[in-house]
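Structural overview for review
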Amino acid sequence: MPAPFLMLGAALLFSLMGLCVKLASSQYSPSEILLVRSLVGVALLLGLARWRGVTLGTRLPWMHVWRGVIGVAALLLWFWAIAGLPLATAMTLNQMSAIWMALFLLGGAILLGGKSLDPRLIVAVLVGFVGVALVLQPTFARDQLPWGLAGLASGMLAAMAYLQVTALGRAGEPEIRVVFYFSLAGVVAAGLLSLFAPAPPRPQGHSLYGLGLLLAVGLSATLAQVLMTAAYARGKVLANASLNYSGIVFSALLGWLVFEEAPGWLALLGMLLIVAAGLTATLLRSRQAKDLPSDAHNE
């Protein structure tokens, strides 16, 4: 299947995952959703690794641990933000990862003396945060600021996790192994949270509807990760990044159809600014990567 269709499929599945998370949040805590999502991922990836003949033993356990810690933290914050924000808003804030990575690059350049500062990257970052201010503007009136900040933090941590995934790829770790250990980290984190911060009692018990939503979260998330990995392996970075932002459109449509969430014009303008800034930052980063020696990057 061509890379654009793979990326569109991944974006749609991630949007459906967000929808299922929001629906399941009325019955389950973020840690419970994380547990089922991760268990499904571990089971599917075990089968996929065996089918493709990929071994799961690793020489880099601590790199996987660090990737798991920041990735799981980003996921938990995002699940919490989805529960308290309109679906499109939560998706948009999580998609800030490209802008956060640009900010990290600028910070590194400043620490190195500022000789490699790209003014276009500075503008992209500033435009992105103007977009964030517009997207978060309605949250002040609706007492949703904590969820808004959680969504923003999830995007920042997702950017850190992406950089760690890139480092693991450069070290020769296959994608299936990376995603497997991330799912395993989710199982461990959810188990620890259940011990130290157990979920509140559920007098009504479980329902087939609620369990079905949890299963749908795990299936959609795992399949989306597989499709996205295949898209990045076959397609161009900028084209994939452009199509990845279609998840905001899918989420806006799903939020409107299911929850009657209609973002105002300021929020829509903010989303457009974030998409434009993210694509600009991705383009500038991809051009910088091309200027490196061929063995210095492996995205």
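Here the structure is a predicted model, which is why all the values come from computation and not from measurement.

Analysis parameters
Residues numbered from 1 in each chain as written. Predicted model: local features only at pLDDT ≥ 70, side-chain atom pairs only at ≥ 80, totals over all residues. Heavy atoms only, no water. Helix = DSSP H or I, 4+ residues; strand = E, 2+ residues; numbered from the N terminus. Contact = heavy atoms within 4.5 Å. Areas by Shrake-Rupley, 256 points an atom, 1.4 Å probe, with all protein chains shown as cover. Buried < 20%, exposed > 50% of the residue type's maximum accessible area, 1.4 Å probe, protein only. Polar contact = N/O pair within 3.5 Å; in protein donor to acceptor, adjacent residues only side chain to side chain. Phe/Tyr/Trp six-rings, centres within 6.5 Å; stacked < 30°, edge-to-face > 60°. Lys NZ or Arg CZ within 6 Å of the ring centre and 35° of its normal.

Helix and strand content of the chain: twelve helices and zero strands. Element order for the chain, N to C, with α for helix and β for strand: α-α-α-α-α-α-α-α-α-α-α-α. Intrachain contacts of the chain at a sequence separation of at least 6 include 89% that bridge at least 24 residues. When the accessible surface of the chain is split by element, carbon and sulfur atoms take 72% of a total near 14600 Å².

Another aspect to go through is the side chain of serine 15. Locating serine 15 in the fold gives a position in helix α1 (residues 3-24). Judged by its relative accessible area of 0%, serine 15 falls in the buried class. A distance of 2.9 Å separates a polar side-chain atom of serine 15 from the backbone oxygen of alanine 11. In this view, serine 15 contacts Leu87, Met91, Gly247, Phe250, Ser251 and Leu254; residues no more than four positions away in its chain are not counted.

We now examine the packing of aromatic side chains. In the structure shown here, the tally under the stated rule is three aromatic pairs. On the basis of an interplanar angle of 75 degrees and a centroid distance of 5.2 Å, the ring pair of phenylalanine 180 and tyrosine 181 is categorised as edge-to-face. Just as phenylalanine 180 is buried, tyrosine 181 falls in that class too. Above the ring of phenylalanine 259, the side-chain terminus of lysine 22 is found at 5.5 Å from the ring centroid. Over the face of the ring belonging to phenylalanine 182 we find arginine 67, whose NZ or CZ atom lies 4.2 Å from the ring centre.

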